[in-house]
Amino acid sequence: MSLPESRARRRRRENALDVVVAGGGMAGAATALALAVEGFEVALVEAREPTPWRAEDEVDLRVVALAPSSAQLLDELGAWEDILAARACGYRHMHVWDAENGASLDFDAAELQRRDLGWIVENRLVQHVLWRALDAAGVRRHCPSRVVDHEARADGVRIRLDDDRTLDASLLVAADGAGSPLRQQAGIGTRGRDYAQRGVVAHVRTERAHASTAWQRFLQEGPIALLPLADGRCSMVWTLPEARVREVLALDDAAFCHAVGVATDFRLGPIAETSARAGFPLRLQLAECYQAERLVLLGDAAHAVHPLAGQGVNLGLRDVAELRDTLRDARRADRDLGADAVLRRYARRRRSADGMDAHAFDMIERLFAMRHPMLRFARGCGVMGFDHVPILKRWLIGHALGSRV
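Throughout what follows, the structure given in this document is the object of discussion. (Residues numbered from 1 in each chain as written. Predicted model: local features only at pLDDT ≥ 70, side-chain atom pairs only at ≥ 80, totals over all residues. Heavy atoms only, no water.)

### Some thoughts on the overall build of the chain
The line we're drawing: Strands are runs of DSSP state E lasting at least two residues, helices are runs of H or I lasting at least four, and both sets are numbered from the N terminus onward. Classification of residues uses two cut-offs on accessible area relative to the type maximum, computed with a 1.4 Å probe and protein chains only: under 20% is buried, over 50% is exposed, and between them is partly exposed. Any two residues whose heavy atoms approach within 4.5 Å at even a single point are treated as in contact. In short, Shrake-Rupley with a 1.4 Å probe defines the accessible areas, and a residue's cover is counted only from the protein chains shown.
Looking only at helices and strands, one finds 12 helices and 21 strands in the chain. Scored against the burial criterion, the 405 residues of the chain give a buried share of 52%. In the chain, the proportion of contacts linking residues at least 24 apart, taken out of those at least 6 apart, comes to 73%. Accessible surface, the chain as shown: approximately 18,200 Å² in total, 52% of it carbon and sulfur.

Printed below as a string of structure tokens:
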């Protein structure tokens, strides 16, 4: 005589899907792939397919600095080898300095027994590789399509798409961006502030080689970074007040190159050439909670942070890994994937970690915006103190890398 079927197993049998992921950006695609690789029945809903990446195209203006924790997750998903083989640039050193007082911090991968501190990779490349892997993993793609409504029930969640089709699942994952309609539908508020700044991005060629180093200088207006690219150029990210952004974007190429050279103190020599450039708004935004009934937030839908530490995407991918592990443990315990207690574990852990990081980056931005001479002096002493205390440096870089070092 067979044993009675458990309630959780019966629910999985009756529902066609375990999880529906709304949003096919980097975090959403990684979530769908990570869960499918674990054997969950997953659907991904996205309004439009990402632009395919091609080696012959110009390097995408939007790049990410992937930490080792992100590389590990992508490797577990079978995506990292393809990303490395295409166009990724590892950086082994990081040099950060303060324009006001000359204080600096240096990090070296060799000191941590690593080959690389991280990798600079095009957004479009990461998303392309993830999307290409979805079909083979068995993810059901609904694209172009959008989630317009959802209804949580005792035994699952019913999701209505913009073509009036419905999907039934145990859990809905909102990975639909910083303006997340699903977060708003769930009544989850956000806290934060508008920085009244934009990040100006371009690819520049410098007189001297980037030496596999990420360079970042803190100026009064905001930080400027030169990040190494695989083709020998640097990806420039320059944080500026809104009014200055319009001025800088209006410069001709020669004047823009000179302005970037001055801002970076010509650390890599004069700027020889620049690509097209663009600007994107910056704000701090943190969801007040990461869960509602049979719904969790993930990636930009949960948090948006200042790019000065280059950690936005890494935080999103850590959300992905946490949710995967949480749902895997729930399945092993034969628990309902959308149960409040299950989702609360994910939400508590990730909101705590993301919140600490978001406010730390915000504090750094405020610290380097200080104008009082004594405060600037104290800031310089603090930076130099970090640089001369190995245990503090190891803690700081280990946190950024997403691992203990």
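That shown, we press on.
### A few points about the packing of helix H4 (residues 80–87) against helix H5 (residues 123–137)
Going by this rule: To define axes, lines are fitted to C-alpha atoms, for helices over the stretch in contact only, and angles between the resulting N-to-C directions are given on a 0 to 180 degree scale. For classification purposes, an angle smaller than 35 degrees is called roughly parallel, one larger than 145 roughly antiparallel, one from 65 to 115 roughly perpendicular, and anything else oblique. Crossing handedness is defined as follows: a turn of the near helix away from the far one that is anticlockwise and smaller than a right angle gives a left-handed crossing, while the clockwise case is right-handed. Charged means Asp, Glu, Lys or Arg here, nonpolar means Ala, Val, Leu, Ile, Met, Phe, Trp, Tyr, Cys or Pro, and polar covers whatever is left, Gly included.
It is the contact of H4 with H5, at a shortest axis distance of 10 Å, that shows an interaxial angle of 140°. With respect to each other, H4 and H5 are oriented oblique. Both H4 and H5 take part in a crossing whose hand is right-handed. Contacts from Asp82, Ile83, Ala86 and Arg87 in H4 reach Leu125, Val126, Val129 and Arg132 in H5. When grouped by side-chain class, the residues that make up the contact of H4 with H5 number five nonpolar, no polar and three charged.

### A word on the pattern of salt bridges
Note the following rule: The term salt bridge refers to a pairing of a side-chain nitrogen on Lys or Arg with a carboxyl oxygen on Asp or Glu at a separation within 4 Å.
One pass over the structure, following the stated rule, counts 34 salt bridges. The partner of Asp135 in a salt bridge is Arg141, and the shortest N-O contact between them spans 2.9 Å. Taking the relative accessible area as the measure of exposure, Asp135 reaches 48% and is therefore partly exposed.

### Quick word on the sheet that holds strand S7 (residues 118–122)
Note the cut-off: DSSP calls a pair of strands paired once it identifies at least 2 bridges connecting them.
Here three strands make up an open sheet; going across it, the order is S3-S7-S4 and the pairing antiparallel. This sheet does not close on itself; its edge strands, each paired only once, are strand S3 (63–66) and strand S4 (88–91). Averaged over all neighbouring strand pairs, the angle between strand axes comes to 25°, with direction disregarded. Of the pairings in the sheet, the one linking S4 to S7 comprises four bridges and is antiparallel in character. Within S7, the position partnered with Gly90 by the bridge is Trp119. Its contacts with the sheet put H5 on S3 and S7, and the angle it makes with S7 is roughly 85°.

### Points about the environment of Tyr290
Examined against the element boundaries, Tyr290 turns out to sit in the loop between strand S18 (278–287) and strand S19 (291–292). C-alpha separation for the pair Tyr290 and Arg351, spaced 61 residues apart in sequence, amounts to 6.6 Å. The contact partners of Tyr290, leaving out residues within four places of it in the chain, are Leu295, Val296, Leu297, Ala302, His303, Tyr346, Ala347, Arg350, Arg351 and Asp354.

### Things to note about the sheet that holds strand S10 (residues 156–161)
Taken together, the three strands give an open sheet; going across it, the order is S9-S10-S11, and neighbouring strands pair in antiparallel fashion. Unpaired on one side and paired on the other, strand S9 (147–153) and strand S11 (166–169) mark the two borders of the sheet. The average angle at which neighbouring strand axes cross in this sheet is 20°, direction not considered. Here four bridges tie S10 to S11, and the two strands are oriented antiparallel to one another. In the strand pairing of S11, Arg160 is matched with Thr166.

### Here's the deal with H5
Note the following rule: A helix's residues, less one, multiplied by 1.5 Å, set its expected span.
Relative to the 21 Å expected for 15 residues at 1.5 Å per residue, H5 spans 21 Å between its end C-alpha atoms, a close match to the ideal helical length. Within H5, the full set of buried residues consists of Asn123, Leu125, Val126, Gln127, His128, Val129, Leu130, Trp131 and Leu134. The first or second residue beyond H5 is Gly138, which carries a positive phi of 90°.

### What to know about helix H3 (residues 68–76)
Along H3, the residues classified as buried are Pro68, Ser69, Ser70, Ala71, Leu73 and Leu74. Of the residues one or two after H3, Gly78 is the one with positive phi, at around 80°.

### Topic: the nonpolar core
Cut-off, in case you're wondering: Among buried residues, the Ala, Val, Leu, Ile, Met, Phe, Trp, Tyr and Cys ones that are joined through side-chain atoms within 4.5 Å form a nonpolar core.
One finds Val20, Ile83, Val121, Leu130 and Leu327 to be the most contacted residues of the largest nonpolar core, which totals 71 residues. Of the residues forming this core, the biggest block, nine residues, is contributed by helix H2 (residues 26–37). Setting aside residues no more than four positions away along its own chain, Val121 makes contact with Val63, Val64, Leu66, Ile83, Arg87, Ala88 and Val126. One finds Phe107, Ile120, Leu229 and Ala358 within the second-largest nonpolar core, a separate group that totals 26 residues.

### What to know about the side chain of Arg217
Rules: Two residue types count as positive, namely Lys and Arg, and two as negative, namely Asp and Glu; His and chain ends fall outside the count. The definition of a polar contact used here is a pair of N or O atoms within 3.5 Å, where within protein one atom must be able to donate a hydrogen and the other to accept one, and adjacent residues in sequence count solely through side-chain atom pairs.
Among the secondary structure elements, Arg217 is positioned in strand S14 (residues 213–218). Despite its burial, Arg217 pairs with no opposite charge, the nearest such side chain being Asp265 at 4.4 Å. Here the side chain of Arg217 touches Val262 through a polar contact of 3.3 Å, landing on its backbone oxygen. Looking at Arg217, its side chain comes within polar contact range of the main-chain oxygen of Ala263, at 2.9 Å. Once you skip the residues sitting within four places of it in the chain, Arg217 turns out to touch Trp97, Ala99, Gly222, Pro223, Ile224, Val262, Ala263, Thr264 and Asp265.

### Looking at the environment of Cys89
Within the secondary structure, Cys89 sits in strand S4. Overall, the relative accessible area of 8% leaves Cys89 in the buried class. Considering only alpha carbons, one finds Cys89 and Val121, 32 residues apart in sequence, at a separation of 6.7 Å. In this structure Cys89 touches Gly118, Trp119, Ile120, His210, Pro228, Leu229 and Ala230, once residues within four positions along its chain are discounted.

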